[in-house]
Amino acid sequence: MDRMKAVTHEGPAGLAGVAVNETAVQRAGPGDVLIELKAAGLNHRDLFVAGARTPADAPLVLGADGAGLVAETGAGVTGLVPGDEVIINPTLDWDRAVEVPEVPGILGGPTQGTFAQYVAVPARNALPKPGHLDWAEAAALPLSAVTAYRALFTRGALAPGEHVLLPGIGGGVATIALAMAKAAGATVSVTSRSEDKLRRARELGADHALRSDADWAAALVRPADLVVDSIGSATFAAALAALRPGGRFVTLGATTGADVTLSLRELFFRQISLLGTSMGSAEEFHAMLAFVAEHRLRPLVHRAFPLAEGAQALAELAGGSQFGKLVLTVE
């Protein structure tokens, strides 16, 4: 168990530097556990990390999400033993929801990540795997689900009976946010450029499904109480217009660009709350797992790749055609 297979980045920025290599297995230091991974989930963050690296950087194992078996415990670890089935909280050193760090630490950059046969993490970041999830589903859950949970409930203050608008249905955060919002008793509207994605969203429980190029404010049955948006500049104006006076707009990403034009008068006359969020705390990760278990929610897995095809999986993620999450299965 000294060497392992891993999807690493080394050399040129972006996918050109991604390959499957042999690397040293980390050991479980004091307070840590070594996890034998069964599956690892892909996130757009993995693409951003690879794209920001340079040839001068040391090799890095990519990946933030994962689930597997405890293989080894470090000194001082209690409550976990080898063989325990665990899911990894990828966010490091963020305990309470209200104590937001300047830049949250996360697995897979700068620390070694989960696209590997083994990963060492702090023991408090290894939590019991929800029993109703298989390994691929468990690996697809962490970052997307805690991000969606914080956006909907901590920042968005979603209440039963409210109307949520999710622009750009299809990604991991949006699809699990749809499931969470429906479980919380909300009405959910979604948008997409793809008729197939709109159809699949209806099958998952979306109450209204709109084309991205529609006039959302006119097409919605009633204005939204809450918008949860990860798209950014391409949809910002349309999503803002779809909110009721006094509504909340939670932004958690900017896949089409971060620069928007905003009239402050629109905010204060309509009394809109504009809120930012990213990832989530340990407190919220525990609450998210309890919510998922209570409602027996399952993250949608679009496709599973073997670890040896990690570069191909990342290329598919970059293409954006998936509905749900992409995962790597680890032998």
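Note: the structure precedes this text.
Residues numbered from 1 in each chain as written. Predicted model: local features only at pLDDT ≥ 70, side-chain atom pairs only at ≥ 80, totals over all residues. Heavy atoms only, no water.

Attention shifts here to the pattern of salt bridges. One pass over the structure, following the stated rule, counts 20 salt bridges. Notably, a salt bridge pairs glutamate 72 with arginine 27, separated by 2.8 Å at the nearest N-O pair. Placement of the pair is glutamate 72 in strand 5 (residues 67–73) and arginine 27 in the loop between strand 2 (18–24) and strand 3 (32–41), with a sequence separation of 45 residues. Here the salt bridges do not stand alone but share partners, grouping Asp93, Asp95 and Arg124 into one network. (Salt bridge = Lys/Arg side-chain N within 4 Å of Asp/Glu carboxyl O. Helix = DSSP H or I, 4+ residues; strand = E, 2+ residues; numbered from the N terminus.)

In terms of nonpolar packing, the biggest core is built from 43 residues, with Leu141, Leu152, Leu158, Met180, Val190 and Met288 touching the most fellow members. Of all the secondary-structure elements, those providing two or more residues to this core are helix 3 (142–155), strand 11 (163–166), helix 4 (172–183), strand 12 (187–192), helix 5 (195–203), strand 14 (224–229) and helix 9 (282–295). Sort the elements by how many residues they give to this core and helix 3 lands first, with seven residues. Discounting residues that sit within four places of it in the chain, leucine 158 has contacts with Leu152, Phe153, Val164, Ala181, Ala184, Ala186, Leu226 and Arg248. (Core = buried A, V, L, I, M, F, W, Y, C linked by side-chain atoms within 4.5 Å. Buried < 20%, exposed > 50% of the residue type's maximum accessible area, 1.4 Å probe, protein only. Contact = heavy atoms within 4.5 Å.)

Here the focus is the layout of surface pockets. Here the largest pocket defines a volume of roughly 1200 Å³. Around the largest pocket, the lining comprises 41 residues; the ones closest to its centre are His44, Gly171, Ser230, Ile231 and Thr255. When residues of the lining of the largest pocket are traced back to their parent elements, those giving at least two are helix 1 (44–52), helix 3, helix 4, helix 10 (310–319) and strand 18 (325–329). Looking at the lining of the largest pocket element by element, the count peaks at four residues for helix 1. In terms of residue class, the lining of the largest pocket is built from 16 nonpolar, 21 polar and four charged. (1 Å grid on protein atoms, 1.4 Å probe; cavity = no way out; pocket = protein on both sides within 12 Å on 5 of 7 lines; lining within 4 Å. Points joined across faces, edges and corners; volume = space filled by probe spheres on them. Nonpolar A, V, L, I, M, F, W, Y, C, P; charged D, E, K, R; others polar.)

All right, on to the environment of valine 100 then. If you trace the backbone, valine 100 turns up in the loop between strand 7 (91–92) and strand 8 (105–106). Counting along the chain gives 66 residues from valine 100 to leucine 166, while the straight-line C-alpha distance between them is 24 Å. Beyond its immediate chain neighbours, meaning those up to four positions away, valine 100 contacts Trp94 and Arg150.

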